[in-house]
Amino acid sequence: MELAGFFSEKAQVTVLSRFKPFENVFGKLVSNKVQRLHESKGVKFVIGPDSDICEYTESTEHNGQVGSIKLKNNSNLDCDLCIVAIGGQPVTDFLVNSPVKLSLNNFVYVDKHMKTNVPNVYAAGDIAHFPKACLSGMEFTLSKNQKLDHVNIGHWGLASSLGRTAALSIISEYSNEYKDRDLSLKIVPFFWSSQLNKNIRFAGYNSNFELVIFHEDTTKQNEFKFAAFYILSNRVIAVCTLDWDPLCALFAEAMYNKIEIKREHIEKNPLENVRNLLTTI
């Protein structure tokens, strides 16, 4: 979507996707806002199973370049450039028959210090399957099944934190300065995306949320502004915002300090209420 926004000022852009933008991560309300934002800049969308590309045709003017694509619904789209976002998978096949414990999706199980089940072997970054207990403020969601309480979150900001934790854990094995410190991972997932001069921010972990409390700009000055709060067991477990700074950062700080934010705190005046909760630190 960042690429779609970038090219929208330079070319005609069509986004092909089986789902609306970010719908599988943030839900329909956020997805609709993001799609409307891009449509306001001329971006077109083809959503659903018919958006699958079945065939590429070479350009008649430029050898070796795409000229058009054929979709599953037999429609054709002329194009000068086709960017395919295929996602990613952990490249851990070399560990399949090793003693290192892997998840069903071939992520590497680690503890809160990024240690694997094999002595002196650590893993960090996007391949790490780390304890959910490392997510500050999410302790109440833990179950008795430890396998269910491991998570994988692919984002460069979080990956760097996992790498730092692994490095400190290794150093602590040889340094008296670090030996008695609590070096375990403690993190609130936080990531962002800049699209069409708008800032989308997300903090927390919204897996298995029960409902979303959605706020919009009541002044009608910014039709795309929103704050979406993800609720589980009457508590806020994540927030996604667009142009509602610094709400997301304040929420992350509250989560990090294990301040409980309940549904009633964010149903009205969420920014003011979260700020007031932080004064208890």
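Residues numbered from 1 in each chain as written. Predicted model: local features only at pLDDT ≥ 70, side-chain atom pairs only at ≥ 80, totals over all residues. Heavy atoms only, no water.

Asker: Sorry, what's going on with the sheet that holds strand S7 (residues 128-131) here?
Answerer: Two strands in a sheet stick together by hydrogen bonds in their backbones, pointing the same way (parallel) or opposite ways (antiparallel). The strand order across the open sheet formed by three strands is S6-S7-S8, and the pairing between neighbours is mixed. Unpaired on one side and paired on the other, strand S6 (108-109) and strand S8 (150-151) mark the two borders of the sheet. Bridge count for S6 against S7 is two bridges, and the pairing is parallel. Bridging across to S7, Val108 finds its partner in Ala128. (Pairing = 2+ DSSP bridges. Helix = DSSP H or I, 4+ residues; strand = E, 2+ residues; numbered from the N terminus.)

Asker: I'm lost on the packing of aromatic side chains in this one. Help?
Answerer: Tallied over the full model, the rule gives ten aromatic pairs. Seen from their ring centres, Phe26 and Phe202 are 5.2 Å apart, and the 35° between their planes marks the pair as tilted. Taken together, the positions of Phe26 in helix H2 (residues 23-26) and Phe202 in strand S10 (residues 198-204) put the pair 176 residues apart, joining distant regions of the chain. Residue classification places Phe26 among the buried residues on the basis of a relative accessible area of 6%. The exposure class of Phe202 is buried, given its relative accessible area of 3%. (Phe/Tyr/Trp six-rings, centres within 6.5 Å; stacked < 30°, edge-to-face > 60°. Buried < 20%, exposed > 50% of the residue type's maximum accessible area, 1.4 Å probe, protein only.)

Asker: Looking at this structure, how should I read the nonpolar core?
Answerer: Side chains of a nonpolar character, in soluble globular proteins, are inclined to be buried together. If you look at the biggest cluster of nonpolar residues, it comprises 59 residues, and the most contacted ones within it are Phe130, Phe229, Tyr230 and Cys240. Those elements that place two or more of their residues in this core are helix H3 (28-39), S7, helix H4 (156-172), S10, strand S12 (226-232), strand S13 (235-242), helix H6 (247-256) and helix H8 (270-278). Judged by nonpolar contacts, the second largest core, of five residues, contains Ala4, Val13, Val15 and Val43. (Core = buried A, V, L, I, M, F, W, Y, C linked by side-chain atoms within 4.5 Å.)

Asker: Help me understand the state of the cysteines, please; the structure alone is not making it clear to me.
Answerer: Chemically, a disulfide is nothing more than a covalent bond linking the sulfur atoms of two cysteines. The full count for this structure, using the stated rule, is zero disulfides. Here Cys82 stays free of any disulfide, with the sulfur of Cys79 as its closest cysteine sulfur at 5.4 Å. Classification of Cys82 as partly exposed rests on a relative accessible area of 26%. Between Cys248, a cysteine without a disulfide, and Cys240, which holds the nearest cysteine sulfur, the sulfur-to-sulfur distance is 7.1 Å. Its relative accessible area of 0% is what places Cys248 among the buried residues. (Disulfide = S-S within 2.5 Å.)

Asker: What is the right way to look at the environment of Leu71 in this model?
Answerer: You can see Leu71 is positioned in strand S4 (residues 66-71). Residue classification places Leu71 among the buried residues on the basis of a relative accessible area of 2%. Along the backbone, Leu71 and Cys54 are 17 residues apart, and their C-alpha atoms lie at a distance of 5.4 Å. Here Leu71 is in contact with Leu16, Val46, Asp50, Ser51, Asp52, Ile53, Cys54 and Leu77, once residues within four sequence places are set aside. (Contact = heavy atoms within 4.5 Å.)

Asker: I'm lost on the layout of surface pockets in this one. Help?
Answerer: Unoccupied space between atoms shows up once a probe the size of one water molecule is rolled over them. In this model, the second largest pocket occupies a volume close to 360 Å³. Lining of the second largest pocket is provided by 18 residues; of these, Asp182, Leu183, Ser184, Leu185 and Lys186 occupy positions nearest its centre. Partitioning the lining of the second largest pocket into residue classes produces eight nonpolar, four polar and six charged. (1 Å grid on protein atoms, 1.4 Å probe; cavity = no way out; pocket = protein on both sides within 12 Å on 5 of 7 lines; lining within 4 Å. Points joined across faces, edges and corners; volume = space filled by probe spheres on them. Nonpolar A, V, L, I, M, F, W, Y, C, P; charged D, E, K, R; others polar.)

Asker: Would you mind going over the pattern of salt bridges with me for this structure?
Answerer: If charged atoms from side chains of opposite charge come close, those side chains can pair. Summed over the entire model, instances satisfying the criterion amount to nine salt bridges. For the salt bridge of Glu177 with Arg181, the shortest nitrogen-to-oxygen distance reads 3.6 Å. Look at Glu177 and you get exposed, because its relative accessible area is 51%. Note on Arg181: relative accessible area 46%, which makes it partly exposed. Of the charged contacts, one joins Glu267 and Arg263 as a salt bridge, the two residues approaching to 2.9 Å between their closest N and O atoms. What makes Glu267 partly exposed here is its relative accessible area of 38%. (Salt bridge = Lys/Arg side-chain N within 4 Å of Asp/Glu carboxyl O.)

Asker: Where do I start with H6 in this structure?
Answerer: Residues spaced three or four apart along an α-helix face the same direction, because each turn holds 3.6 residues. Where burial is concerned, most of H6 is hidden: seven out of the ten residues are buried. All of the buried residues in H6 are Leu247, Cys248, Leu250, Phe251, Ala252, Ala254 and Met255. Buried-residue contacts for H6 involve strand S9 (190-195), S10, S12, S13 and H8. Just downstream of H6, Lys258 is the residue with a positive phi angle, here 60°.

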